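Structural overview
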Amino acid sequence: MRKAAKYQPDLAEELTATMVLRGMSDDTANEAFADDVAPLEPASLANMASTAGSRYERLLGAVAEGVVVHDATGAVVEFNPAALRILALSAEELTGVRPIDPCWSCVRSDGSPFPGGEHPAAVVLATKQRQYGVVMGVNRPDGDLAWIRINAEPLFDEKTGAFDGVIVSFADITKIKQAEVALNEREMLYRRMFKNTTAVNLLIDPQDGRIVDASDAAVAFYDFPDNDLIGRSILDLNVKGGTPVRKNIDAVLENGTASFTVRHRLGNGGIRDILIHSCLLELQERKLIHSTNFDITERKAFEQQLTDANQKLAEERRRLNEIIWGTNAGTWEWNVQTGETRFNERWAEIIGYSLAEIAPTSIETWTAYCHPDDLGASNERLQRVFDRQDDYYECECRMRHKDGHWVWVLDRGMVVQWDEDGKPLRMSGTHTDVTPSKTIETEIRRLAQTDQLTGLSNRHHFNTMLSQILRMNQRSKKKIVLLLLDLDRFKKVNDTFGHPVGDKLLVRVADILKANCRDADVVARLGGDEFAVVLPLIDDVTKAAIPAKRIIDEISKPHMIDGIEVHVGVSIGISTCRNRESNSEIIYRDADKALYRAKNCGRNRYCYYAEGEVVECGALAPELCGRFNAKPCK
């Protein structure tokens, strides 16, 4: 203990001070001292005094609390090392300082100045009454603020009882105070965040469910009259009553956190679906539940709409699948960018396979089974869709069946997804087996284009083919020859032997024509006993006389029909396209004129068309008239 020169406590004072530091009152300490020293001799008292003084010094030097002794005037006359360390003062700076000295520069807990007259030592000096537990902040010379808790005790002379000074002890509570300040700051920050956030926040007492605090957003959301939300029970807000709420509170108390969905009734009578996230916290040594409430009414309504939509979608998907199976159609989905495809079982069944047999599938599966002649048309129509020239894709294609034959499918589809650059991503469609209808269609077309008696092309098909061949020959710069035939004396056969014989004769003539013509030639029965042969891609028109002669020779031979020998002849008119402006009507008219000339010149011969008013065969060159190969004209 550092002492000022003018203050030398005697044995009684030291022992009394020691007892006071141990928690005894002055009276108790004095009585104890009197009891201890009264029976002792002077030598023993001197020895005891020396021992007590030494212990007193060691005690004050060892304690962590600061100890300062003021004399009766208030001046500091004694202190221990802890006091110097806590106050950051030297012995010279502390010695003689009084409580009211402005150098202390003390503050209260709230930061306001602590007047010197209210210093515990100053109060004891003035009132002679002890002071306990006073907290103040001391601005130290080094600039730091030290927080101390002070006890001040008056000292009295044991002989006279006169007031002799003040002994002050104080503990450094700076760290405790800093922790308390930090805690208060965090609590203040939490409360600011709690109150001012846009979230609906509630503080709930778990004991009775009362709302002890609410954010401004919560007050506005629940919309009670006069903002009367705080103080209400959370149990009253729940539409289903208190039992579910109690279970939720117990879950928070047990686990520390919990999330749940409830329905709350607002102050305006409205009912809202609420998602609550709750946690247990402690504020000012009180356990509370902090809940953040989210209005999910619209979200739940949307989720319900989504659920309903998914149910409807599932129903539509089921109905679509039933329709697809009902229509016996195969389906395909194609990722245009990657080539990945998905087929249903029916797609594979159309070509005689199971889906497992053709796995793995890709766009190459389609190209592998599609007829090579149909791929080009299919790709062209797909490209039109990709170029957005057509809204959908449709093409009839042949596909190779497992058994080796070809089946016809109607392939339809649409692009269902495009990328940002306008390129197709995904395409979906169907395959329908149209082989039966295609067969019927082919038969109908054949019947529409075929003479029913002879099986040759009819007049309609002849006209169509003649026009097409003319256009083709004009592009290839080739010539076309038309042979127009009419049977001689056929009416006599009908009149003599009847129409059944005549019909069989017409069939025999059709066979002769087909046997003496090329595959590329078109042979037709135009009606009655009139026939026509179109010879395309002819370089030398005079070469048409070769098949004409053979036909005349074969038809002129006797024909045995139903045991009856029948004789007929045939007259042939031959024409060709005279220039690039020739059309089917002109070439047919020319051949008809040539036929008329052949009949006029004696029948059973051929005759080429010649321009001008040529009537007699003799006016034509021999190679243009078959008179040298025919019977004499009658």
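Residues numbered from 1 in each chain as written. Predicted model: local features only at pLDDT ≥ 70, side-chain atom pairs only at ≥ 80, totals over all residues. Heavy atoms only, no water.

**Considering the overall build of the chain**
Quick note on the threshold: Helix numbers and strand numbers start at the N terminus; a helix is a DSSP run of H or I with at least 4 residues, a strand a run of E with at least 2. Throughout this description, buried means an accessible area under 20% of the type-specific maximum (1.4 Å probe, protein chains only), exposed means over 50%, and partly exposed covers the range between. Should any heavy atoms of two residues lie within 4.5 Å, those residues are considered in contact. In these tables, accessible area is a Shrake-Rupley quantity obtained with a 1.4 Å probe, and a residue counts as shielded only by the protein chains included in the view.
Across its full length, the chain carries 21 helices and 24 strands. Expressed as a percentage of the 634 residues in the chain, the buried residues total 42%. For the chain, contacts bridging at least 24 residues in sequence account for 51% of all contacts bridging at least 6. Surface accessibility of the chain: about 34,500 Å² in total, with carbon and sulfur atoms responsible for 51%.

**Observations regarding the environment of Gly-66**
Assignment of secondary structure puts Gly-66 in strand β2 (residues 66-71). Judged by its relative accessible area of 0%, Gly-66 is buried. With 15 residues separating them in the primary sequence, Gly-66 and Pro-81 have C-alpha atoms 7.3 Å apart. When sequence neighbours within four positions are dropped, the list of residues in contact with Gly-66 reads Asn-80, Ala-82, Ala-83, Ile-86, Val-168, Ser-169 and Phe-170.

**So, unusual backbone geometry**
The omega angle of the peptide bond from Ala-359 to Pro-360 is -5°, so this bond is cis rather than trans. Relative to the elements of secondary structure, Pro-360 occurs in the loop between α13 (355-358) and α14 (363-369). One non-glycine residue, Ala-88, adopts positive backbone phi at about 60°. Summarising the element assignment, Ala-88 is placed in the loop between α4 (81-87) and α5 (91-94). One non-glycine residue, Lys-128, adopts positive backbone phi at about 60°. Assignment of secondary structure puts Lys-128 in the loop between α6 (120-127) and β5 (131-139).

**As for the sheet that holds strand β23 (residues 569-576)**
Using the following cut-off: The criterion for strand pairing is that DSSP finds at least two bridges linking the strands in question. Only the contacting stretch of a helix is used when fitting its axis, a line to C-alpha atoms as for every element, and angles between N-to-C directions run 0 to 180 degrees.
Pairing in this open sheet of 5 strands is mixed, and the strands run β19-β20-β18-β23-β24 from one edge to the other. Bordering the open sheet on either side are β19 (522-527) and β24 (606-608), each of which pairs with just one other strand. Neighbour to neighbour, the strand axes of the sheet diverge by 20° on average, direction disregarded. Bridge count for β23 against β24 is 3 bridges, and the pairing is parallel. Its bridge partner being in β24, Ile-574 is matched across the sheet by Tyr-608.

**Focus on the pattern of salt bridges**
Test applied: Here a salt bridge means any side-chain nitrogen of Lys or Arg lying within 4 Å of a carboxyl oxygen belonging to Asp or Glu.
What the rule picks out here adds up to 29 salt bridges. Salt-bridge contacts for Glu-298 lead to Arg-272; the nearest nitrogen and oxygen are separated by 2.7 Å. Remark: Arg-272 occurs in strand β11 (residues 271-283) and Glu-298 occurs in helix α11 (residues 297-327); sequence separation between them is 26 residues. Lys-557 is paired through a salt bridge with Glu-554; the nearest N and O atoms lie 3.3 Å apart. For Lys-557, a relative accessible area of 42% translates into the label partly exposed. Through salt bridges with shared partners, one network takes in Arg-140, Asp-142 and Asp-144.

**Here we look at the nonpolar core**
Which entries qualify depends on this criterion: Side-chain atoms within 4.5 Å are what join buried Ala, Val, Leu, Ile, Met, Phe, Trp, Tyr and Cys residues into a set we call a nonpolar core.
One finds Leu-483, Leu-485, Ile-572 and Ile-574 to be the most contacted residues of the largest nonpolar core, which totals 35 residues. For this core, the elements supplying multiple residues, two or more each, are β18 (479-488), α18 (490-497), α19 (499-515), β20 (530-538), α20 (545-556), β23 and β24. At 7 residues, the largest contribution of residues to this core is made by α19. Excluding anything up to four places from it in sequence, Leu-483 contacts Phe-531, Ala-532, Val-533, Leu-535, Ala-544, Ala-548, Ile-572, Gly-573 and Ile-574. Counting 27 residues, the second-largest nonpolar core is a separate cluster that includes Trp-104, Val-138, Ala-152 and Val-166.

**What about the pairing of β11?**
Across a regular strand the side chains alternate sides, sitting on one face of the sheet and then on the other. Across 9 bridges, the pairing between strand β10 (residues 257-265) and β11 is antiparallel. When the sheet's bridge partners are listed, Ser-259 is paired in β11 with His-277. With 10 bridges connecting them, β11 and strand β12 (residues 286-295) associate as antiparallel partners. Looking at β12, one finds that Leu-281 is bridged to Leu-288. Between β11 and β12, which pair antiparallel and follow one another directly, the connecting turn spans 2 residues, one of which, Gln-284, has a positive phi of 50°.

**Considerations on the pairing of strand β3 (residues 76-79)**
Pairing between β2 and β3: 3 bridges, direction antiparallel. The partner of Val-68 across the bridge, within β3, is Phe-79.

**Some remarks on the packing of α18 against α19**
The criterion, for reference: For this classification, under 35 degrees means roughly parallel, over 145 means roughly antiparallel, 65 to 115 means roughly perpendicular, and everything else is oblique.
At a minimum axis distance of 7 Å, the contact between α18 and α19 shows a crossing angle of 140°. In terms of orientation, α18 lies oblique with respect to α19. Mapping the contact onto sequence places Phe-490, Val-493, Asn-494 and Phe-497 in α18 and His-499, Val-501, Gly-502, Leu-505 and Leu-506 in α19.

**Points about the side chain of Ser-215**
The cut-off we apply is this: We call two N or O atoms a polar contact when they sit within 3.5 Å, provided that within protein one can donate a hydrogen and the other can accept it, with sequence-adjacent residues counted only if both atoms are side-chain atoms.
Along the chain, the position of Ser-215 falls in the loop between β9 (211-214) and α8 (216-222). A relative accessible area of 0% means that Ser-215 is categorised as buried. For Ser-215, the side chain forms a polar contact with the main-chain oxygen of Ala-199, separated by 3.0 Å.

**A short note on the packing of helix α17 (residues 459-476) against helix α21 (residues 584-600)**
Each pair of packed helices gets described by two things: the angle between the helix axes and the distance between those axes. Rules: Note on residue categories: nonpolar means Ala, Val, Leu, Ile, Met, Phe, Trp, Tyr, Cys or Pro, charged means Asp, Glu, Lys or Arg, and polar means any other residue, Gly included.
α21 packs onto α17 with a crossing angle of 115° between their chain directions and a minimal axis gap of 9 Å. Taken together, α17 and α21 sit at an angle that is classed as roughly perpendicular. When α17 is examined against α21, the residues Arg-459, Phe-462, Leu-466, Ser-467 and Leu-470 are found in contact with a partner set consisting of Ser-584, Ile-587 and Tyr-588. Of the residues contributing to the contact of α17 with α21, the split by class is 5 nonpolar, 2 polar and 1 charged.

**Quick notes on a nonpolar patch on the surface**
For clarity, the cut-off: Two joining distances apply to patches: 9 Å for like charges and 5 Å for nonpolar side chains (Val, Leu, Ile, Met, Phe, Trp, Tyr), and every residue must have over 30% relative accessible area and no salt bridge.
Nonpolar side chains collect at one region of the surface, where Tyr-392, Met-414 and Val-416 lie side by side and expose about 300 Å² of accessible area between them. Looking at the element boundaries, Val-416 is found in strand β16 (residues 406-418). On the accessibility criterion, Val-416 (44% relative accessible area) is partly exposed.

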